[in-house]
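Chain residues, written in single-letter form:
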Amino acid sequence: MLIDPRTFANRRETALIQSDEESPAIAQEFIVANRLGIHARVAAQIVKVACRFDSEISIAKSEVAANAKSILDVLSLLCPYGTKVFVTARGPDAAQALHALAALFQTKFGEP
Amino acid sequence: MNDHSSLTVKGIGAAPGIAIGKAFLLEHGRIPVPRYRLFGEQAVADECKRFEQAIAEAEADLETIKKSIRSEFKEHAKLLEVQQMILRDPSIYGESLRCIKEERANAQLAVTKSLRKAKELFSSLSNDEYAQSRIADVNAAGERVVRILAGHNHTNLENIHERSVIVAHDLSPGDAIQLQAGRTLGIVTEIGGIFSHTSIVARSLGIPAVTGAENAVRLISQNDIVIVDGRTGVIIIDPSESELQFYANRQYEMEAYLKLISRHAHLPAQTSDNHRVSAEANIEVLEEIVAAKDNGAEGIGLYRTEFFFMNRAELPDEESLYRDYHDLAELMAPSQVTIRTLDLGADKLTSWCPTLEEANPALGLRSIRLCLHYQEIFKTQLRAILRASATARNIRLMLPLISGMAEIYQAKHILREVQAELSRKRIPFDKDMPFGAMIELPSAVAMADLLAQEVDFFSIGTNDLIQYSIGIDRSNEHVAYLYEPLHPGVLRLIKQAVDAGHDAGIPVAVCGEMAGEPLYVPILLGLKIDSFSMNPVALPRVKNLIRRSSMKECCRFVNKVLRMRTATEIQQAVSKMVMRNFPEEFRVFDQNWAENATLPVLKKSSC
């Protein structure tokens with residue numbers, strides 16, 4: 001299966017969002033708690049929230065990370081119920097972004 | 001070739017007739033993707049712009065579809081949102097732009113390539129249903145863009161070059177409007193019922209249709225030969241020689257019969273004992289006048305004016321409305337034409353009115369209420385109608401969704417204002433233009449005796465009257481079975497409205513679908529309806545039955561019917577009566593008539 005490395009390799013790059021002097025990266029761990037996991041509509045919610053912020057935001061699962069502003073990227077992470085994910089944000093509004101995403105995860109995306 | 005097995009799917013017979021032809025699957029139209037290299041910076045910049053515009057257009061399309069989705073399918077709206085996000089996803093949007101700029105690929109090729117990568121990513125992850133449905137999302141979003149780039153806008157309905165049977169999950173109202181009667185042999189959809197939008201459009205175009213055929217899209221492949229029986233709801237995929245012969249014979253029989261009665265369609269709608277009624281046409285665009293006249297319409301009983309207000313960015317100006325109404329009056333003169341003022345909900349006019357959060361638009365700001373609220377729209381339309389009324393003095397003005405006297409007073413007041421303004425400007429109009437009310441709400445029936453003193457005619461809109469009096473949304477499949485035109489309560493309401501109208505000396509028409517249903521002819525005649533207004537294609541059959549009915553017998557029959565207790569009982573009585581009086585009509589249109597006649601109305605064939 002040939003996947004152009006330029007398209008999706010950036011997942012690895014986003015995974016490694018690093019702190020630098022100007023803008024430190026902050027991160028938080030969540031567990032996907034809704035029964036259906038991150039399916040299309042949930043991913044849409046995440047992306048919608050992420051896109052409101054200027055910061056770079058990634059969602060990582062074990063080795064791989066996804067750009068939280070790309071629905072295809074988020075969906076390709078495959079996060080069923082119980083998956084442990086690591087959300088990282090870096091940029092001017094990183095704290096707010098993380099806060100908003102935390103709210104989504106904690107309310108189980110409004111699902112059972 | 002008798003050994004091969006055909007496949008039969010059962011749906012709901014939604015529009016009568018038999019179609020035999022090649023299937024055209026609406027959703028999976030593949031579009032050829034041209035590939036070329038862009039030459040020069042300017043070409044690249046232009047292509048980027050073209051790509052951006054296509055994405056924006058696709059987004060707007062999805063937005064429109066989202067708005068048109070009924071509340072019970074809100075889940076679908078969310079999936080469309082996913083598609084919208086996919087359009088803007090970096091791995092589609094960003095990657096396509098990169099491909100155009102760096103590889104100098106044309107936009108279609110760039111999009112196709114990025115789509116393929118995304119799909120490969122998902123299929124490399126897993127092969128389960130999850131990945132499959134993600135791929136389906138990506139496809140749906142991508143194909144829309146590719147279609148726009150290829151110049152195949154919105155839907156591929158226009159690309160049908162052969163006469164075929166259209167097979168789709170569902171037809172949106174937008175799709176249905178684009179159906180071309182000449183090229184569409186039949187319609188099959190997976191969802192919908194007898195009274196869904198698709199069915200109504202199909203019946204009005206005289207196209208055989210079956211709705212609610214589960215899995216039709218999966219079972220039927222592009223170019224399969226299919227038989228669609230719009231009477232019984234049967235779809236036969238890849239039919240055998242003997243099945244083909246059987247249905248071809250039925251088809252021939254039906255067409256021969258229709259041809260025969262169409263030859264007499266121009267004769268007046270007069271019963272065998274010389275009671276004269278009027279048979280008129282409901283139309284929406286001027287082009288339908290040809291069909292109306294061909295089928296023997298004695299006038300236009302309902303001109304729907306919504307068409308001009310929908311699907312456009314700006315309010316239509318008075319001049320274009322005037323030209324339309326003027327042409328209508330001129331083409332139909334000296335026969336009368338009844339123009340209904342704007343009958344739309346606020347949700348359809350989002351370009352001009354503020355969007356309202358209405359939990360229940362059917363009970364919301366719509367129709368005459370909307371017109372009285374946004375008076376400028378109403379006045380513009382009234383001015384156009386009044387000016388056109390001078391053309392041949394054959395225009396009647398009709399107000400929809402009247403609930404009581406206040407709306408009549410208010411509308412008349414506005415009409416007088418507009419008339420005064422025209423007089424001041426010395427613009428001619430018909431001062432005696434009849435002013436009528438549609439009777440669609442139970443409260444209007446209760447007030448009919450007083451309303452009749454203020455207006456010149458009534459026209460009963462049975463579709464809405466049935467919905468509002470029984471209290472059901474007929475597009476809601478869970479309660480659609482309660483949509484019973486022969487409900488004794490509905491018949492009593494109709495009788496009350498007719499009697500009130502006649503007591504005041506004004507004529508009463510029916511312009512709902514009941515008027516175009518041959519089965520109901522004896523009932524409506526017996527209720528003393530003066531004018532039947534219907535889809536043009538229904539005219540020959542209804543006129544034929546009117547001419548063969550005896551008014552005396554119908555009145556006696558209705559007296560008996562009005563004492564019955566349930567819709568089922570009435571349905572059976574009606575079936576028995578028409579079977580006895582017009583056996584040939586039902587031999588041709590419903591093979592299972594005798595069987596259906598004994599079943600509850602729920603199973604009623606829609607012939």
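Note: the structure precedes this text.
Residues numbered from 1 in each chain as written. Chains lettered and ligands numbered in written order. Predicted model: local features only at pLDDT ≥ 70, side-chain atom pairs only at ≥ 80, totals over all residues. Heavy atoms only, no water.

**Quick notes on the interface of chain B and chain A**
Counting residues at the interface gives 26 residues for chain B, matched by 24 residues for chain A. Between chain B and chain A, roughly 2,200 Å² of surface is buried when both sides are summed, and carbon and sulfur atoms account for 71% of that area. There are 4 residue pairs in polar contact (both at pLDDT 80 or more) connecting chain B and chain A. Here the side of chain B that touches chain A is composed, by residue class, of 12 nonpolar, 2 polar and 12 charged. (Contact = heavy atoms within 4.5 Å. Buried area = accessible area lost by both parts, 1.4 Å probe. Polar contact = N/O pair within 3.5 Å; in protein donor to acceptor, adjacent residues only side chain to side chain. Nonpolar A, V, L, I, M, F, W, Y, C, P; charged D, E, K, R; others polar.)

**Re the packing of aromatic side chains**
Given two aromatic rings, their pairing is described by the distance between the two centres and the angle made by the two planes. The full count for this structure, using the stated rule, is 5 aromatic pairs over all chains. For the pair Phe105(A) and Phe109(A), a centre-to-centre distance of 5.2 Å together with 65° between the ring planes defines the contact as edge-to-face. Taking the centre distance of 6.3 Å and the plane angle of 90° together, the rings of Tyr303(B) and Tyr325(B) count as edge-to-face. With Tyr303(B) in strand S10 (residues 300-303) and Tyr325(B) in helix H11 (residues 318-332), this residue pair connects regions lying 22 residues apart in the sequence. The same class applies to Tyr303(B) and to Tyr325(B), which are both buried. Through a chain of ring-to-ring contacts, the aromatic side chains of Phe30(A), Phe105(A) and Phe109(A) assemble into a single cluster. It is Arg387(B) that lies over the ring of Tyr322(B); its NZ or CZ is 4.1 Å from the centre. Positioned above the aromatic ring of Phe457(B), the side-chain terminus of Arg396(B) is 3.7 Å from the ring centre. (Phe/Tyr/Trp six-rings, centres within 6.5 Å; stacked < 30°, edge-to-face > 60°. Helix = DSSP H or I, 4+ residues; strand = E, 2+ residues; numbered from the N terminus. Buried < 20%, exposed > 50% of the residue type's maximum accessible area, 1.4 Å probe, protein only. Lys NZ or Arg CZ within 6 Å of the ring centre and 35° of its normal.)

**Observations regarding the pattern of salt bridges**
Residue and element names in this part refer to chain B. For the structure shown, the criterion picks out 29 salt bridges over all chains. Salt-bridge contacts for Lys 543 lead to Glu 298; the nearest nitrogen and oxygen are separated by 3.4 Å. Within this pair, whereas Lys 543 is found in helix H20 (residues 539-548), its partner Glu 298 is found in the loop between helix H10 (288-294) and S10, the two being separated by 245 residues in sequence. Taking the shortest distance from any N to any O, the salt bridge between Glu 306 and Arg 340 comes out at 3.2 Å. Of this pair, Glu 306 sits in the loop between S10 and H11 while Arg 340 sits in strand S11 (residues 337-340); the two residues are 34 residues apart in sequence, bridging distant segments of the chain. (Salt bridge = Lys/Arg side-chain N within 4 Å of Asp/Glu carboxyl O.)

**Thoughts on the sheet that holds strand S3 (residues 18-25) of chain B**
Residues and elements named next belong to chain B. Sheet architecture is open: 8 strands sit in the order S1-S8-S7-S3-S4-S5-S6-S2, paired in mixed fashion. Two strands in the sheet have a free side with no partner beyond their single neighbour: strand S1 (7-10) and strand S2 (12-15). Direction aside, the axes of adjacent strands within the sheet are offset by 30° on average. In this fold helix H9 (residues 241-262) packs onto S3, strand S7 (225-229) and strand S8 (234-237), with an angle of close to 120° to the strand it touches most, S3. (Pairing = 2+ DSSP bridges. Axes fitted to C-alpha atoms, helices over the stretch in contact; angles between N-to-C directions.)

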